[in-house]
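# Fold and geometry: a report
The residues making up each chain are set out below.
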Amino acid sequence: MALSSLGFLIHEAFLNIRRNGLMSLAALGTVTVALTVLGAAVWTAYRINEIAQQQPLKLDRIDVFLKTEVERPQTLAVRDRIRQLPGIRAVHLITKELAWKQMQSNEPSLTEALPDNPLPDVLEVEPASPSEVGALTQAFRDQARFPEVEAVNAAGQAVKTMLGFARVVKVIGGCAALGLFIATLFIVHNTIRLTVFARRREIRIMQLVGATSGFIRLPLLLEGLFHGVAGAAIAGGVVLFCGHEVSRFIAELQSPLVGNVPSLVRPVEVVAGLVAAGALIGLTGSYLSIRRFLKQV
Amino acid sequence: MIELQDVSVAYRNEVAALAQVNLRVGKGEFVFIVGPTGAGKSTLLKLLYREERPTQGRIQVAGHDLTAMRPREIPHFRRKLGIVFQDFGLLPNKTVYENVAFALRAIGANRQTIRRQVPAALEMVGMAHRPDAFPHQLSGGEQQRVAIARALVNDPPLLLADEPTGNLDPDTSLGIVHLLNHINVRGTTVLVATHDSAIVDQMQRRVIAFAQGRLVRDEAHGAYRQDEAVVFHREVSAWR
């Protein structure tokens, strides 16, 4: 195809988008909304999974909080008793003084408001294997065996819950994404069909003067591609902005679990993925409607 | 240029639009196709530009066997034809120049070709003075001239016109037929399907008459017979 013909076809495609402004806007809006929801679902599932996966050190650790009235010798005795249990790799003592000192440097305003140190001694228990976490946590919670223990916090449980949640988000997000993908495809398909119908006289003349099917199809395919890509680019921007805001909000919460886990996915990859999906939707939707229409003309 | 051998067209309800038509049209001829509504004139033209296929028989146009033609070969075949319709078929949002250029652009012609051939086609039909006008700013006769320019811009050897004067007054119709005659004199084979008895009678060119799908008359210098005209006028009156 000659360069001037390609230029003419691109010009025709954009002229048509401008001429059918309202219809184009509707298609663009729908693609944007659908791909934003799709992108947000995929992005959320990915981020949760990413955060959960980056907690390997915390996964197997059990924090045993002792009662505040427990004296140091008793603490050391509990530590020794735990060390003798089967399935234990190591036990570290975080004294209440050390914890208070850390808190003073991290949260000075909070510690200033307190009359004295309210923190308990904490024993950080590392099991020999992750499979021991459940049994050990239960054992530490048994008040008959460990009356000095106030609370047990297995970070691994939270990570497991998070991974489970990520799995649910992935499944629901995947189904929603598939549904939205098909819905968007139909919307673009219908929009292009209306455009093609509005241009039936032009297409008829093209056919009668000897334009090939490819030549007739190309501007309409370009139109579908434009709707898909432009909608996806806007959706990409919305997903990135919302993702950034949500991450900032979570960081402000200073959750020890989430912390500042950096994302391995770069913004450009998010936009590129959405644009690729948009292009696929736009091209497929318009191709299907043109194919059906050209048979009827 | 055109050869039909035992051509028949039947639709699903088994009505024969054309029945066993044999016809030859030589290069450079000017032919009127006449007959009442439903006689098969438009079906014949549709067969000639491969809009329809015969259910039986063989058709050759400009060296192409249309009965054996594959769909992807149709666009290239149609580049050898110019087609003109009663409703002009101009694009309302394009100027006269753009409408004519559209036919060349649609077949991938380059800019130099368009710049050279569009003004020449407009000059030939007498519309060179209004290249920037839009169709709604033109009279019916002027719109048909532009449609003829578009049909001829690619310099096809065969021009097919389906009721080209159907929407025009008698004087304008005569002007259009003289234009078609002028095009024919330059070497283009012209086939005109028409109900317009005045122009057929005045031109005294070859006339092929159809009735109920059959070729009933083929005269080298014919006229529009009154009996055929009466049938047509009766049909129009009944329709009104």
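Residues numbered from 1 in each chain as written. Chains lettered and ligands numbered in written order. Predicted model: local features only at pLDDT ≥ 70, side-chain atom pairs only at ≥ 80, totals over all residues.

## Details of the overall build of chain B
When its secondary structure is counted, chain B shows eight helices and ten strands. Taking all 240 residues of chain B together, the buried fraction comes to 44%. A separation threshold of at least 6 residues defines the contact pool for chain B, and within that pool the share at least 24 residues apart is 67%. (Helix = DSSP H or I, 4+ residues; strand = E, 2+ residues; numbered from the N terminus. Buried ≥ 20, exposed ≤ 12 C-beta atoms within 10 Å, placed from the backbone. Contact = placed C-beta atoms within 7 Å.)

## Side note on the interface of chain B and chain A
Facing 15 residues of chain B, the contacting portion of chain A comprises 15 residues. If you list the elements that add at least two residues to the side of chain B that touches chain A, you get α2 (74–78) and α3 (96–105) of chain B. Class assignment for the residues of the side of chain B that touches chain A results in seven nonpolar, four polar and four charged. (Nonpolar A, V, L, I, M, F, W, Y, C, P; charged D, E, K, R; others polar.)

## Focus on the packing of helix α5 (residues 140–152) of chain B against helix α6 (residues 170–185) of chain B
When two helices pack together, you describe them by how their axes are tilted relative to each other and by the distance separating the axes. Residues and elements named next belong to chain B. The contact between α5 and α6 brings their axes to 10 Å, and the two run at 15 degrees. Classified by the angle their axes make, α5 and α6 are roughly parallel. Crossing hand, α5 versus α6: right-handed. Residues G140, G141, Q144, R145, I148 and L152 of α5 form the contact with α6, whose participating residues are T172, G175, I176, L179 and I183. Class assignment of the residues belonging to the contact of α5 with α6 gives a composition of five nonpolar, five polar and one charged. (Axes fitted to C-alpha atoms, helices over the stretch in contact; angles between N-to-C directions. Parallel < 35°, antiparallel > 145°, perpendicular 65-115°, else oblique. Left-handed = near helix turned anticlockwise from the far one by under 90°.)

## Considerations on the sheet that holds strand β3 (residues 122–127) of chain A
Each strand in a sheet pairs with its neighbour through backbone hydrogen bonds, running either in the same direction (parallel) or in the opposite one (antiparallel). Residues and elements named next belong to chain A. What the four strands build is an open sheet, ordered β2-β3-β1-β4; its pairing is antiparallel. Of all the strands in the sheet, just β2 (88–94) and β4 (149–154) have a single pairing partner and so form its edges. Within the sheet, the average angular offset between the axes of one strand and its neighbour, ignoring direction, is 20 degrees. (Pairing = 2+ DSSP bridges.)

## Brief notes about the nonpolar core
As a rule of thumb, soluble globular proteins bury nonpolar side chains together. By size, the foremost hydrophobic cluster in this structure holds 80 residues, and its most contacted members are I33, V100, A149, L159 and L160 of chain B. Among the elements that make up this core, the one with the highest residue count is α3 of chain B (seven residues). Sequence-distant contacts of L159 of chain B, defined by excluding residues within four places in its chain, comprise G82, V84, A151, L152, I183, T188 and V190 of chain B. L220, L225, F226 and A232 of chain A belong to the second-largest nonpolar core, a separate cluster that totals 37 residues. (Core = buried A, V, L, I, M, F, W, Y, C linked by C-beta atoms within 7 Å.)

## Some thoughts on the environment of L274 of chain A
Residues and elements named next belong to chain A. Take L274: it is sitting in helix α11 (residues 267–296). Owing to 28 C-beta atoms within 10 Å, L274 belongs among the buried residues under this scheme. Taking the C-alpha atoms as reference, L274 lies 7.6 Å from A235; in sequence the two are 39 residues apart. Aside from chain neighbours lying at most four places away, what touches L274 is L35, G39, A232, A235 and G236.

## Remarks on the confidence of the model for chain A
Mean pLDDT over chain A works out to 80, with 87% of the residues at or above the 70 mark. The spread of mean pLDDT over the elements of chain A runs between helix α3 (residues 56–59) of chain A, the lowest at 54, and helix α4 (residues 72–84) of chain A, the highest at 91. (pLDDT = per-residue confidence, 0-100.)

## Things to note about the packing of α3 of chain B against helix α4 (residues 111–124) of chain B
Residue and element names in this part refer to chain B. Closest axis-to-axis distance for the α3/α4 pair is 10 Å, and the angle between their directions is 125 degrees. On the basis of their axis angle, the class for α3 and α4 is oblique. Like other packed secondary-structure pairs, α3 and α4 cross with a definite hand, here right-handed. Only T113, I114, Q117, V118, A121 and L122 of α4 make contact with α3, whose side of the interface consists of V96, Y97, V100, A101, L104 and R105. Considered class by class, the residues forming the contact of α3 with α4 number nine nonpolar, two polar and one charged.

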